[in-house]
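# Topology and contacts: notes
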Amino acid sequence: MLAYILRRLLYAIPILIGVNLLTFALFFVVNTPDDMARLQLGVKHVTPEAIERWKIEHGYDKPLLLNAGAKGSAQFTDTIFFKHSAAMFAFEFGKGDDGRDIGNEIRTRMSPSLAIALPVFVIGLLVNITFALLMVFFRATYLDLWGVVLCVVLMSISGLFYIIAGQYFIAKLWNLLPISGFAGGIDGLRFILLPVLVSVVAGLGSGARWYRTIFLEEIGKDYVRTARAKGLSEIRVLFRHVLKNGMIPILTGAVVVLPLLFMGSLITESFFGIPGLGSYTIDAIQAQDFAVVRAMVFLGSFLYIVGLILTDISYSWVDPRVRLQ
Amino acid sequence: MSFMPVILWTDALIFALLAAVAALVWFIRRQEHLRAPWRAVAQRPMAVGAALVLGVFVVIGLLDSLHYREKLADSPAEQPQYSVEVLSVFDALVKELRTRTEKTYSAPLAMQLYAKEFVLRDGATVRDYPRLTYGGAHLAHANDHKPDVARRTLFGAMQGALASLLLFGLLAAWQARRTQVDVGGWLTAWATGRLGWPGRTVVLVLAIMLMLAAVLVQLASGYHVLGTDKVGQDVLYISLKSIRTGLVIGTLTTLVTLPLAIGFGIAAGYFRGWVDDIIQYVYTVLNSIPGVLLIAAAVLIVQVYIESSPELFDTAARRADIRLLALCLIMGVTSWTGLARLLRGESLKLRTLDYVEAARAFGVSHARIISRHIFPNVFHLVLIAIVLDFSGLVLAEAVLSYVGVGVDPSMYSWGNMINGARLELAREPVVWWQLGAAFAFMFALVLAANLFADGVRDAFDPRLGARR
């Protein structure tokens, strides 16, 4: 087991290197630091001196890959690639355009993101499974049919609509909850309720429909017939057998996104004014702050790979038939 | 010539796609095993109804893809000069909608502006809601407003109902002749649902759409049916123009995805070994980068390129079009991994089957085995992926526009409509019609696409068929 995890971790390194090279190519080779400077300073009225000054301020004045002017190992270390791309492996992200340390920002913004994403994940999973089980229990009846139709309708509504409608009706018209904002501790609960509610409803359609197909697949299997033949009630069959076995694909599908919860949700956080990583990213994109975007790309990939490894481990944990070698 | 045809990149690709679909239909019609699942799709009322709605969207989108530039009226004949404004055939058809602009916001079907202004009345200036230039301009008095709207709605509905009846009669006569039964017999078969195709759904959906269209035409000739936006443009016009953007993103992105997904997916599964390792590595890397961020990074770069080389684009439409195309390319490059993984798994299974082994034993080349034995057997997966992805892409456009990395801000799109209007909800009274229209149109398109996709998936997925 340990050897397996170790090997998976080793396998993760070339992927992270690939991500790093790709972002380096996107941000520095295709789009040179001169372009970045011009974009930041405005296309018109930009002098070469101003561009040089901007590049020095942000540390982009070095050669890309090889510094011929330097001596010894500094030939490789005193370059943009080493300072801005390779340094990310040590989680050193440098500073954003506003002069703040990106690593610091990430650490302080993780908890608000989690405060929204974790409840959405847990409650969403519970609600989706309940809804799916209900549809499966009433399968091949009109209740099931209309349940599926409801799911398709819910899926067809834009995620932005749920947020805007939720904010307008619940917060503005009926004054039940604050429109946006965030506070720490127990006081923050009233700020969290609305985004969590909206996100759960927005995910219900696709989630419940997907779980329904998983359960339906399980229900056609032999062990279910055996359980029924034993004389078990339909409820017992569903909860003891179908749910338990159906949880294998559901859980392993959920584990992948578990680490990514740290990243938060771009849209939800920015609409509800949550000072998390999602709104940080969206602000960076809108301000065209490439340093932050680059850091978030690296962080996102890192967490995704962690999720992949966790998935493999959880497979062997929930399904004893899977042996890792 | 009084106009100059303009072929934008996306226009060319859309019509190329249309030609490809036509060729595919022609090919499928001659292959019995390919026709059978499509016949099963045509049996499903839900799928057929959805397809009709989708058809209307596609027709509007296609009409909106034939672009031209009008000749300036005062330019000489031997050296004509053309307007910088790029119009489409659809624009010409709904000229009234496009040109009848008001000053600013007005509510749906209103005859007054949304905001109070100083107006001259009986020699004195008073603060009141000014009348609209076009909306309800034919009314002498405000009291006539409601009866006029009701009259137009009723009249339109009757027109639509009459047209539907006429069409239904023609259909009955034609079908009765074709199947060689009397009209009465055909009608009973239709009413009891024993036609062999979902006749009731077809007639019902067509009748509803005809009536809706007639009511819209009746109302739009005198009012702004969905109100006007901040600069006084008709919201119905903007919503209709946005259809093309949604369709382009939904279809062209998939067009980019397909060669990548099919090529890499099948190659990885069929050849295995180092080819598989490399392809798996590439798609794990691409997959691990959060999609929105990769799209954002690439769009920012395209933006820099467009802004730094303005000489390449002679009109604003061309510039916006290039950005739309770039968006499709980027979304395609970031979203082929899911289908590729699916195709890889399927090819891994197929390559061990007896008939593939036999073909290899006979010395058939790899290219031929893939094209004759592997690809036809994974084609249903490709088709299901195309229809399933479409609705997701249409929805993604709105989100990307909100993030600021979507289509050009000057382009008509539902995402831009939502983005421009979401802050107006804070106004008093609320400006809701722009948001409402964008969400409603998007919902109609996506719901139709989802229902159609369900029908296609159920008919093509052999796994589902076995369970039924």
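### Comments concerning the overall build of chain A
Within chain A one finds 14 helices and zero strands. Computed over C-alpha atoms, the radius of gyration of chain A comes to 25 Å, more than 25% over the 20 Å expected from 2.2 N^0.38 for 325 residues, which places it beyond the range of a compact globule. Overall, chain A is about 80 × 60 × 35 Å in size when its C-alpha atoms are taken along their principal axes. Contacts in chain A between residues far apart in sequence, at least 24 positions, make up 67% of those at least 6 positions apart.

### Considerations on the interface of chain A and chain B
Across the boundary between the two partners, chain A contributes 39 residues, which contact 37 residues of chain B. Contributing elements (two or more residues each) for the side of chain A that touches chain B: α1 (2-30), α2 (33-41), α7 (142-156), α8 (159-173), α12 (266-272), α13 (277-287) and α14 (290-318) of chain A. Among the elements that take part in the side of chain A that touches chain B, α1 of chain A stands out by supplying eight residues, more than any other. Of the residues that constitute the side of chain A that touches chain B, the class distribution is 27 nonpolar, eleven polar and one charged.

### Digging into the packing of helix α6 (residues 102-137) of chain A against α13 of chain A
Residues and elements named next belong to chain A. Two elements in contact, α6 and α13, have axes whose closest approach is 7 Å; the angle formed by their N-to-C orientations is 125°. One way to sum up the angle between α6 and α13 is to call them oblique. Where α6 approaches α13, its residues Glu105, Ile106, Arg109, Met110 and Ser113 are matched on the opposing element by Leu277, Gly278 and Tyr280. When the residues that make up the contact of α6 with α13 are grouped by side-chain class, the tally is four nonpolar, two polar and two charged.

### A closer look at the sheet that holds strand β1 (residues 3-6) of chain B
Either a parallel or an antiparallel arrangement is found when strands of a sheet pair, and the pairing is made through backbone hydrogen bonds. All names here are of chain B. Strands sit in the order β1-β2-β3 across an open sheet of three strands; the sheet is antiparallel. Of all strands in the sheet, those bounded by a partner on one side alone are β1 and β3 (82-88). Strand-to-strand twist in this sheet, taken as the mean axis angle between neighbours without regard to direction, amounts to 30°. In this sheet, strand β2 (residues 67-71) lies alongside β1 in antiparallel orientation, the contact comprising four bridges. Its bridge partner being in β2, Met4 is matched across the sheet by Arg69.

### Brief notes about the nonpolar core
Formed by 161 residues in total, the largest nonpolar core has its most connected members in Val293 of chain A together with Ile295, Ala296 and Ala297 of chain B. Tallying contributions element by element places helix α9 (residues 235-271) of chain B first for this core, with 18 residues. For Ile295 of chain B, the residues in contact, after removing those within four places along its chain, are Ile330, Met331, Thr334, Leu400 and Val405 of chain B. Core analysis: the next-biggest nonpolar cluster, separate from the first, contains 16 residues, Ala132, Leu133, Met135 and Val136 of chain A among them.

### Some thoughts on unusual backbone geometry
Residues and elements named next belong to chain B. The phi dihedral of Leu109 is positive, around 65°, even though this residue is not glycine. As for its placement among the helices and strands, Leu109 is situated in the loop between α5 (95-99) and β4 (117-121). A positive phi is found at Arg272, a non-glycine position, where the angle reads about 50°. In this fold, Arg272 is placed in the loop between α9 and α10 (273-288). Judged by C-beta crowding, with 14 C-beta atoms within 10 Å, Arg272 ranks as partly exposed.

### Re α8 of chain A
Every α-helix winds through 3.6 residues per turn, so residues three or four apart in the chain are directed the same way. Here α8 of chain A contains 15 residues, and its C-alpha end-to-end distance of 20 Å stays within 8% of the 21 Å for a straight helix at 1.5 Å per residue. Along α8 of chain A, the residues classified as buried are Leu160, Phe161, Tyr162, Ile163, Ile164, Gly166 and Gln167 of chain A. Elements that come into contact with the buried residues of α8 of chain A comprise α9 (189-219) and α12 of chain A together with α15 (366-403), α16 (414-421) and α17 (433-460) of chain B. Following α8 of chain A by one or two positions, Asn175 of chain A has its phi on the positive side, about 55°.

Conventions used here
- Residues numbered from 1 in each chain as written.
- Chains lettered and ligands numbered in written order.
- Predicted model: local features only at pLDDT ≥ 70, side-chain atom pairs only at ≥ 80, totals over all residues.
- Helix = DSSP H or I, 4+ residues; strand = E, 2+ residues; numbered from the N terminus.
- Rg over C-alpha atoms; globule rule 2.2 N^0.38 Å.
- Contact = placed C-beta atoms within 7 Å.
- Nonpolar A, V, L, I, M, F, W, Y, C, P; charged D, E, K, R; others polar.
- Axes fitted to C-alpha atoms, helices over the stretch in contact; angles between N-to-C directions.
- Parallel < 35°, antiparallel > 145°, perpendicular 65-115°, else oblique.
- Pairing = 2+ DSSP bridges.
- Core = buried A, V, L, I, M, F, W, Y, C linked by C-beta atoms within 7 Å.
- Buried ≥ 20, exposed ≤ 12 C-beta atoms within 10 Å, placed from the backbone.
- Expected span 1.5 Å × (residues − 1).

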